[in-house]
Amino acid sequence: MTMQTRVFIVHMLPADASRLFARASATNMMTEGYVWIVTDNIGIVLDVLPQDTIDTMLGVVGFRPYVAKSVRISGFTARFVTRYRAKFHQDPNVRVARPTIFQYWAYGVVWAIASATEKAINLRSTPRNLVDDPEVSPAGQDLLNSITDGEFDGLAGRFRFVDRQLPVPAYEIVNVIEEKTRRIGFWSPVSGLSPFLNSSTRPVQDRRRLRADQVLRTVIWPGDSTTVPRGWDVPVNGKILQIAVPVRRDFKFFVNVEASPNSSELVVNGYSIDVFEAAVKKLPYALRYKYIPYDCANSYDKLVSEVYFKTFDAAVGDVTIIANRTRYVDFTMPYTESGVSMLVLARKDEDEPTMWVFLEPLTKDLWMATVVFMVVTGLFVWMIENPINEEFKGSKWKQFSTSFYFAFSTWTFTHDQKFKSLQSKVIVVSWCFVMLVIVQSYTASLSSMLTAKRLQPSVTDPRQLLHNGHYVGYQNGSFVHSMLRRLRFEERWIKVCSTQEEYAKALKLGSKNGGVSAIFDETPYINSFLLQYGKGFQKVFPKGSPLVEDLSKAMLNLIEGPEGSHIEKKWFSDPILSLDYGSLDTDSLRLSSRNFEGLFIINGCVLGLMILINLSRRAYAKFIAKRNSVSASDDEAQPSPNGNGVPAIQSL
């Protein structure tokens, strides 16, 4: 589709440009949505063009060589204006009575010629009029070399020639606003576009107004608009867009084509159609289009091909975005959940044994780790309390039963033993905290698993179907068939289903009775099927058009707003296209020892530390007792004061 351009670059003499903009203004081409850019031929004289010409150029963006203000510039301007008005007797308000860079360059050229002439005369022995003499001057080459090689500070900056051209170090970008031009930035070969050339041209107030990512200051475009124009528009009298819509045999929630009861025309509606029409209304321009029904029941790839070969300008409907199709056409952003899901029968509660369900929240390694730490905790507490606590003394059976009861009563926090050692109390507190966390996690996991059992699908892995040789189904004409082949399903195990009724019948029959064990289809179709047939089934997850970007933005705004939810409610009763039914895996709810590694490590460190402290205290007590006994023996071996070698008996 051919678009009308609204960007114009003008490169002509100022006099011709004045007539052009007068004609453009008369034909309403200086309004919002248009972009006019002028080159330096016109940009240099924007400050001196007649006022009536400037009035027709509001919003124009121009480029011109940048000349920094200086004392020499101010003096030259004052002298120029005075002499110009004295000679031409113009009104003081006339805009042309000001110099431009053309005058600055001309002034510099005169100085260059004068300097070069003086040098050339000095090099020749015979003085000669180099300017007025019609004959070829022998000093001509010297004069030319002196001009091209000369370099000095001129009014417009450093005056020098590069390849016989005056180089421009930087361009000033200006915007025509009302009666004057306003600088919006600079361009130079070194830094490119920039709002400022250097610190001297960087006012504090302007620096505060600019964003960090802003390349130029805000431009006032034609029509007094600050919105960046798109640069193109749909022709008002252009051809009507031919938009193809797929004709569906089923799943008509998305696209439904039917005959109108009051006329011979076809009526096109559906969820996809409503989303498209709502997005078109949000476009900042009118879009003329017409729906053309296209029968593509066998393959949507044919519809994509028709758009690629320009049979249709676009297509609207439930066309899935896949990599192969994006090579030929451009897609807007998706407005429904993407991907492929697997549809299976839901597994009933009575099909699963529930006698030992209380063991499932914890894995075997966590059960074993918990029991081992219980026994070790009871053993350590017995070792510490046995020498000092009467409750842990007695016969071996009593000591064993007391320790065993204490260890396993921590699971329900019903232990009633009294501990005398500080080390025992620390061990018990640490272990009770570990048990508190495990018990609470066990309770939550068991509750989730009992609920999830009602929603558990009969099949969760496509590889299980492939390994057992089960039949699988797919929607007629869907690209899912090629996906199943890539998953190594043989052709004889793949069946075609065309309607939702066939989906339900095939799944209920199962592979053993001529049906299928699972159906693979795109997620939106699975969701629409579940809306109609309820939770008896489960879902499991095993280029070039400028309209694309605008429609994508419009759809994004539509989906994020309330209007998108209203459209979903209209066609699906409730906005649940992205809801995932019952794909909860109970294995993911089981708790393993890895979930509590930190707790077990901390508790093990506490156990080891307390035992180490207890053993150290015992060793120290034995050492003191042994030292006291040695001292007592030494005292008994000393001779008595009566001199007969018999110890004296002292009364206590």
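Residues numbered from 1 in each chain as written. Predicted model: local features only at pLDDT ≥ 70, side-chain atom pairs only at ≥ 80, totals over all residues. Heavy atoms only, no water.

**Looking at helix α9 (residues 300-308)**
- When α9 is considered as a whole, its buried residues turn out to be Y300, L303, V304 and V307. Each buried residue of α9 sits inside an arc of 100° when the element is viewed along its axis, so together they form one side.
- Packing partners of the buried residues in α9 comprise β11 (241-246), β14 (289-294), β15 (314-315), α10 (323-326) and α17 (523-533).
- K310 sits one or two positions beyond α9 and adopts a positive phi of about 70°. (Buried < 20%, exposed > 50% of the residue type's maximum accessible area, 1.4 Å probe, protein only. Helix = DSSP H or I, 4+ residues; strand = E, 2+ residues; numbered from the N terminus. Arc of directions from axis to C-beta. Contact = heavy atoms within 4.5 Å.)

**Structural notes on the sheet that holds strand β3 (residues 35-38)**
- The strand order β2-β3-β4-β7-β8-β9 describes an open sheet built from six strands, whose pairing is mixed. The sheet terminates laterally at β2 (7-10) and β9 (192-194), the two strands that pair on one side only. Sheet twist, expressed as the average angle between the axes of neighbouring strands with direction ignored, equals 30°.
- Pairing of strand β4 (residues 61-65) with strand β7 (residues 171-177), which is carried by five bridges, proceeds in the antiparallel orientation. Each bridged residue has a counterpart across the sheet, and for F63 the counterpart in β7 is I173.
- Taken strand by strand, helix α1 (residues 14-26) contacts β2 and β3, and its axis lies near 175° from that of β3. (Pairing = 2+ DSSP bridges. Axes fitted to C-alpha atoms, helices over the stretch in contact; angles between N-to-C directions.)

**A short note on the UniProt feature "transmembrane region" (unreviewed entry) in the chain**
- UniProt annotation of "transmembrane region" (unreviewed entry) refers to residues 366-384, 426-444 and 598-616 when read in the numbering used here.
- Along residues 366-384 the backbone is 100% helical and 0% strand, and the end-to-end C-alpha distance reaches 27 Å. (UniProt positions renumbered as here; feature names shortened; annotations may be inferred.)

**Comments concerning the pattern of salt bridges**
- Per the counting criterion, the structure on display carries eight salt bridges.
- For the salt bridge of R64 with D47, the shortest nitrogen-to-oxygen distance reads 3.0 Å. Pair noted here: R64 is in strand β4 and D47 is in the loop between α2 (40-43) and α3 (51-55), with a separation of 17 residues, a long-range link.
- It is possible to trace a salt-bridge network through shared partners that takes in D47, R64, E172 and R183. (Salt bridge = Lys/Arg side-chain N within 4 Å of Asp/Glu carboxyl O.)

**Observations concerning helix α12 (residues 396-409)**
- The end-to-end C-alpha separation of α12 is 20 Å, in line with the 20 Å expected for 14 residues at 1.5 Å each.
- When α12 is considered as a whole, its buried residues turn out to be Q399, T402, S403, F406, A407 and S409. (Expected span 1.5 Å × (residues − 1).)

**Quick look at the packing of helix α16 (residues 500-509) against α17**
- It is the contact of α16 with α17, at a shortest axis distance of 11 Å, that shows an interaxial angle of 75°. By the angle between their directions, the pair α16 and α17 is classed as roughly perpendicular. When α16 is examined against α17, the residues Q500, E501, Y503 and A504 are found in contact with a partner set consisting of S528, F529, Q532 and Y533.
- Residue classes in the contact of α16 with α17 are distributed as four nonpolar, three polar and one charged. (Parallel < 35°, antiparallel > 145°, perpendicular 65-115°, else oblique. Nonpolar A, V, L, I, M, F, W, Y, C, P; charged D, E, K, R; others polar.)

**Comments concerning the packing of helix α11 (residues 364-385) against α12**
- Here α11 crosses α12 at 130°, and the two axes come no closer than 8 Å. Judged by the angle between their axes, α11 and α12 are oblique. The hand of the α11/α12 crossing is right-handed. Residues V371, M374, V375, T377, G378, V381 and W382 of α11 form the contact with α12, whose participating residues are Q399, S403, F406, A407 and F408.
- Among the residues forming the contact of α11 with α12, the class breakdown is eight nonpolar, four polar and no charged. (Left-handed = near helix turned anticlockwise from the far one by under 90°.)

**A word on the sheet that holds β15**
- The sheet built from three strands is open, its strands ordered β14-β11-β15 with parallel pairing. Whereas interior strands pair on both sides, the edge strands pair on one side only; in this sheet they are β14 and β15.
- Pairing analysis gives two bridges linking β11 to β15, with the strands arranged parallel. Bridging across to β15, A244 finds its partner in A315.
- Where helix α8 (residues 271-281) meets the sheet, it contacts β11 and β14, and its direction lies at approximately 165° from that of β14.

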